[in-house]
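Below are the chains, spelled out letter by letter.
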Amino acid sequence: MKTENLKNWGAFIAFLVLAAISCWATEHSFHLLIKWMPEPFVWGLTIAFFIVASYGTKMIVDALNKDLWMDHRRRTFWIGIILVLIFWLLMSMPTNTHTFFYNHNIGNKVQEDLTTTKTYLEQIKSRQNVDSAYFSIHDEVYNKFKLVQAEFNATGGTGNRGNGKYVRDLLGDINPILEKEIPGSAIKFNDEKWAWNNTDQSILTGYVNQMNKSLKAIKDQNYTVSRTAATEASEDIRKIDLMTDTIKTMVETGSIHEDVITQAEGVILSGYTCIKNNQKFVKFKNSKDKELYTAENLETNTKRMLSVIDVWMDFFRGKYPISFLFYVLLSVLVDVAAFIFFDFAFKKREN
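Residues numbered from 1 in each chain as written. Predicted model: local features only at pLDDT ≥ 70, side-chain atom pairs only at ≥ 80, totals over all residues. Heavy atoms only, no water.

Residue-level account of the overall build of the protein, with values.
From N to C terminus, the protein includes 12 helices and zero strands. Along the chain direction, N to C, the helices and strands of the protein fall in the order α-α-α-α-α-α-α-α-α-α-α-α. Computed over the C-alpha atoms, the radius of gyration of the protein is 35 Å, more than 25% above the 20 Å expected from 2.2 N^0.38 for a compact globule of 351 residues. For the protein, the proportion of its 351 residues judged to be buried stands at 43%. Here the analysis covers contacts within the protein between residues at least 6 apart in sequence; of these, 73% occur between residues at least 24 apart. Split by element, the accessible area of the protein, about 19600 Å² in all, is 59% carbon and sulfur. (Helix = DSSP H or I, 4+ residues; strand = E, 2+ residues; numbered from the N terminus. Rg over C-alpha atoms; globule rule 2.2 N^0.38 Å. Buried < 20%, exposed > 50% of the residue type's maximum accessible area, 1.4 Å probe, protein only. Contact = heavy atoms within 4.5 Å. Areas by Shrake-Rupley, 256 points an atom, 1.4 Å probe, with all protein chains shown as cover.)

Structure, rendered in structure tokens:
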């Protein structure tokens, strides 16, 4: 009898140890998902769920034990199945898997998010990209100006050559395009007497210089990211660099600090917002990144890692490698072992 009691107590202690691990993992995942709920309440919810799931497994085991007399054996069995499905398969197992996966990968995910975001912010900071709409204006002006060059070189359709009425009319077609973008950017026709019908290439060079100056001003003012946005991107990069060092230290020490992760997510989201607001001036590596950084409701890759629902959805969409199943297996083994010890400790025996 004493031996039987020792076995029961041993099984109960083993259950408590494994249950503590499982409840910790579940509570951590729930707390990341529902931060508005006070942590003691989350713990209470977690423990209650696990006890109900454990009792569900006991109901199944008892219902399958033909050595026990039981009323409503079939009903007991199916109630046990329902409890296990709801409180373990839909609650405990997914959240435990999320916690194990999160703790092992969040550091690298944050670093990756910081690095990618910084890369796109660098484009904005350096003002290196031009809105593609500019090139249609550039091409339209240049195509019309080719006729001016042809007139000076006597290769045009008029049969004339030099700075004359036809050139003035051509500039009259070009100038509204320039003036529409920046008032006062028109090319001034050289109407001095010495220049009239003159084939001097310096006159043409003067037109070319005016045109290029106007186009450059249009590109810089209207079709390149504003200096204010560039300054904003520069400030975001400064914050990202500081956060990158902090996260690197966290990863190297192997400790996860949720306040640091939350702070990093805020810094990353600020970068996402800057990129979205200036997306016309960013060249994305692929359509996946473009969709991520220009979404109507921005959600960083780091934030998605905080949600058990998003992590599982991303796994089913193929965003995580097959190694994710290791964390599923680990979660299942911990819980199943706890259920086995629970069933043994509270096994119903005939008197």
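Let us keep going from here.
Any details on the packing of helix α2 (residues 39-64) against helix α12 (residues 324-345)? Residues and values, ideally.
Following both chains from N to C, one finds α2 and α12 inclined at 60 degrees, their axes separated by 9 Å at the closest point. The orientation of α2 relative to α12 falls into the category oblique. Crossing geometry of α2 relative to α12 is assigned as right-handed. Across the interface between the two elements, Phe-50, Ala-53, Ser-54, Tyr-55, Thr-57, Lys-58 and Val-61 of α2 pack against Asp-335, Ala-338, Phe-339, Phe-342 and Asp-343 of α12. Of the residues belonging to the contact of α2 with α12, the class tally is seven nonpolar, two polar and three charged. (Axes fitted to C-alpha atoms, helices over the stretch in contact; angles between N-to-C directions. Parallel < 35°, antiparallel > 145°, perpendicular 65-115°, else oblique. Left-handed = near helix turned anticlockwise from the far one by under 90°. Nonpolar A, V, L, I, M, F, W, Y, C, P; charged D, E, K, R; others polar.)

So what's going on with the nonpolar core? Which residues, and what values?
Note on soluble globular proteins: their nonpolar side chains tend to be buried together. Residues Val-110, Leu-121, Ile-124, Ile-247, Ile-261, Ile-275 and Phe-324 are the most contacted members of the largest nonpolar core, which totals 65 residues. The dominant element in this core, judged by the number of residues it contributes, is helix α3 (residues 73-126), at 14 residues. Ranked by size, the runner-up nonpolar core spans 23 residues in total, among them Val-167, Leu-170, Ile-177 and Phe-189. (Core = buried A, V, L, I, M, F, W, Y, C linked by side-chain atoms within 4.5 Å.)

Before we move on, could you go through the environment of Ser-307 and cite the residues and values that matter?
Note on placement: Ser-307 falls in the loop between α10 (301-306) and α11 (308-316). Taking the C-alpha atoms as reference points, Ser-307 and Thr-99, 208 residues apart in sequence, are found 9.8 Å from one another. If we skip the residues at most four places from it in the chain, Ser-307 touches Leu-33 and His-98. At 3.2 Å, the side chain of Ser-307 and the backbone nitrogen of Asp-310 are in polar contact. (Polar contact = N/O pair within 3.5 Å; in protein donor to acceptor, adjacent residues only side chain to side chain.)

Any chance you could break down a nonpolar patch on the surface for me, citing the residues and the numbers?
A contiguous nonpolar surface patch, about 600 Å² in accessible area, is contributed by Ile-13, Val-17, Ile-21, Trp-24, Trp-43, Ile-47 and Ile-51. Of all the secondary-structure elements, those providing two or more residues to the nonpolar patch are α1 (2-33) and α2. Of note, Ile-47 is situated in helix α2. (Patch = residues over 30% accessible without salt bridge, like charges linked within 9 Å, V, L, I, M, F, W, Y side chains within 5 Å. Salt bridge = Lys/Arg side-chain N within 4 Å of Asp/Glu carboxyl O.)

Lay out the packing of aromatic side chains in plain terms, naming residues and giving numbers.
This structure, assessed with the given rule, holds 28 aromatic pairs. Three or more aromatic residues joined by ring pairs form one cluster here, namely Phe-101, Trp-312, Phe-315, Phe-316, Tyr-320, Phe-324, Phe-326 and Tyr-327. (Phe/Tyr/Trp six-rings, centres within 6.5 Å; stacked < 30°, edge-to-face > 60°.)

Tell me about the packing of helix α7 (residues 227-253) against helix α8 (residues 258-277), and please be specific about residues and values.
When two helices pack together, you describe them by how their axes are tilted relative to each other and by the distance separating the axes. Contact geometry of α7 with α8 gives a least axis separation of 9 Å together with a crossing angle of 155 degrees. Taken together, the axis directions place α7 and α8 in an arrangement best described as roughly antiparallel. Handedness of the α7/α8 crossing: left-handed. Where α7 abuts α8, its residues Ala-229, Glu-232, Ala-233, Asp-236, Lys-239, Ile-240, Met-243, Thr-246, Ile-247 and Met-250 lie against Val-260, Ile-261, Gln-263, Ala-264, Val-267, Ser-270, Gly-271 and Cys-274.

Would you mind going over the side chain of Thr-116 in detail, with residue names and values included?
By the element assignment, Thr-116 lies in helix α3. The exposure class assigned to Thr-116 is buried, which follows from its relative accessible area of 16%. What Thr-116 contacts, discounting residues up to four positions off in sequence, is Lys-285, Asp-289 and Tyr-293.

Give a detailed account of α7, specifying residues and quantitative values.
Between its first and last C-alpha atoms α7 spans 39 Å; for 27 residues at 1.5 Å apiece the expected length is 39 Å, and the two agree. Of the residues making up α7, those classed as buried are Ala-229, Ala-230, Ala-233, Asp-236, Ile-237, Ile-240, Met-243, Ile-247 and Met-250. Positive phi shows up at Gly-254, right after α7, with a value of about 75 degrees. (Expected span 1.5 Å × (residues − 1).)

Let's hear about α11: which residues, and what values?
Those residues of α11 lying buried are Val-308, Asp-310, Val-311, Trp-312, Asp-314 and Phe-315. Of the residues one or two after α11, Gly-318 is the one with positive phi, at around 85 degrees.

Kindly report on unusual backbone geometry, identifying the contributing residues and their values.
One non-glycine residue with positive phi stands out, namely Arg-127, at about 55 degrees. Here Arg-127 shows up in the loop between α3 and α4 (133-152). The buried category is assigned to Arg-127, whose relative accessible area is 18%. Backbone geometry places Asn-197, a non-glycine residue, at a positive phi of 60 degrees. Following the sequence through the fold, Asn-197 ends up in the loop between α5 (165-181) and α6 (201-222).

Function cannot be read off these values alone, since they describe shape.
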